Amino acid sequence: MEPAPSRDAALELRDVTVRYGDVVALEGVHLSIAPGRICGVVGMNGSGKSTLFKTVMGLVTPDSGSVAVASLAPTAARKRGLVGYVPQNEDVDGQFPVSVADVVMMGRYGRMGFSRRPRAADHAAVAEALDRVELTELADRQIGRLSGGQRKRAFVARGIAQGADILLLDEPFAGVDKRSEATISRLLRELAEDGRTIVVSTHDLRALPALCDEAVLLLRRVLAHGDPRDVLRPEQLARAFGLDVLAEEG
Ligand code: ADP
Ligand code: MG
């Protein structure tokens, strides 16, 4: 018997399989995350982490199974601005003529209607989000001229300004400076305390227990889901990563 759908889950995947041609990226994934939780997603490269995020965003359509985001279909949830996304690779053109504040303001577009004319409340939301990610002093800088970590923080600010209930962060700590890492970690905790649901993929296994309330170990399927300390037990990691990584972790 499959678990019954939980009515109040922020996020629920039931028996989700995603293929790219011949490649099976996700297979029979069951996952339910309660509101206000921080869930870390861990798995080797190619294990399906980014596909999981894209599926929740409705950017990738499953071959089978069902996905509910705040009890809605993914595209409906995205169009209502309920879910914010910090992609792994933002593909920002270095010359793209938008400022940091412009990027954060994009999080407000869903509320503006066709005119896309920001009102005082929109400017206030952008200023507050920039303050929370500690980018106020770089608000007018072109987005392409930020460091990797600053750019991640700008996209996190976009999600905050959007007022999304659910935030997906795909490897926000990869290649970022210590300050950005600390700022993002602190913010995720604050946002969860505000009742938002956070799903964050990371390769930093040591940081996971402090960062997350629960963890998912992914290898096309969900190998384990629960308390980070249980999920990160050596025999689980061996299954997910292979013994060579286990040796490194000591
Ligand atoms: P992760 O984020 O954990 O590295 P991905 O979700 O990016 O994993 O990839 C899962 C699998 O799907 C990998 O085998 C990858 O090569 C494949 N894949 C991802 N995106 C595409 C795509 N657009 N077309 C074909 N295969 C893809
Ligand atoms: Mg990825």
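Residues numbered from 1 in each chain as written. Chains lettered and ligands numbered in written order. Predicted model: local features only at pLDDT ≥ 70, side-chain atom pairs only at ≥ 80, totals over all residues. Heavy atoms only, no water.

Named according to an unreviewed UniProt entry, the chain is Metal ABC transporter ATP-binding protein originating from Labedella gwakjiensis. Checking UniProt for the chain, the heading Sequence similarities (unreviewed entry) contains the comment "Belongs to the ABC transporter superfamily." (UniProt positions renumbered as here; feature names shortened; annotations may be inferred.)

Student: Could you clarify how one ought to interpret the pattern of salt bridges in this entry?
Tutor: Taken as a whole and judged by the stated rule, the model has 14 salt bridges. With a closest N to O distance of 3.9 Å, Glu128 and Arg132 form a salt bridge. Note that Glu128 and Arg132 are positioned in helix α5 (residues 120-132) at a spacing of four residues, about one turn of the helix. Relative accessible area serves as the criterion here: at 16%, Arg132 is assigned to the buried category. Each of Glu128, Arg132, Glu134, Arg179, Arg186, Glu190 and Asp194 takes part in one network of salt bridges that share partners. (Salt bridge = Lys/Arg side-chain N within 4 Å of Asp/Glu carboxyl O. Helix = DSSP H or I, 4+ residues; strand = E, 2+ residues; numbered from the N terminus. Buried < 20%, exposed > 50% of the residue type's maximum accessible area, 1.4 Å probe, protein only.)

Student: Teacher, can you tell me more about the layout of surface pockets here?
Tutor: Where empty space is left becomes clear once a probe the size of a water molecule has been rolled over the atoms. Counted as a void, the largest pocket has a volume near 540 Å³. As for the largest pocket, its lining consists of 20 residues, and the residues nearest its centre are Arg78, Gly81, Met106, Gly107 and Gln162. Put simply, the parts of the chain that give the lining of the largest pocket at least two residues each are α2 (74-79), β5 (83-86), α4 (109-112) and α6 (148-162). No other element matches α6, which puts four residues into the lining of the largest pocket. Here the residues of the lining of the largest pocket sort into seven nonpolar, seven polar and six charged. (1 Å grid on protein atoms, 1.4 Å probe; cavity = no way out; pocket = protein on both sides within 12 Å on 5 of 7 lines; lining within 4 Å. Points joined across faces, edges and corners; volume = space filled by probe spheres on them. Nonpolar A, V, L, I, M, F, W, Y, C, P; charged D, E, K, R; others polar.)

Student: Can you walk me through the site of ligand 1 in this structure?
Tutor: Inspection of the region around ligand 1 gives Tyr20, Val23, Ala25, Met44, Asn45, Gly46, Ser47, Gly48, Lys49, Ser50 and Thr51 as its neighbouring residues. Side-chain polar atom of Lys49 to an oxygen atom of ligand 1: 2.8 Å apart, as the coordinates give it. Contact between ligand 1 and Thr51: an oxygen atom at 2.5 Å from a side-chain N or O atom of the residue. Its free accessible area being 560 Å², ligand 1 has 61% of it covered by the protein chains. Of all elements in the fold, only β2 (23-33) and α1 (49-57) reach the threshold of two or more residues within the shell around ligand 1. Top contributing element to the shell around ligand 1 by residue count: α1, with three residues. Its residues assigned to classes, the shell around ligand 1 comprises four nonpolar, six polar and one charged. (Near = heavy atom within 4 Å. Polar contact = N/O pair within 3.5 Å; in protein donor to acceptor, adjacent residues only side chain to side chain. Areas by Shrake-Rupley, 256 points an atom, 1.4 Å probe, with all protein chains shown as cover.)

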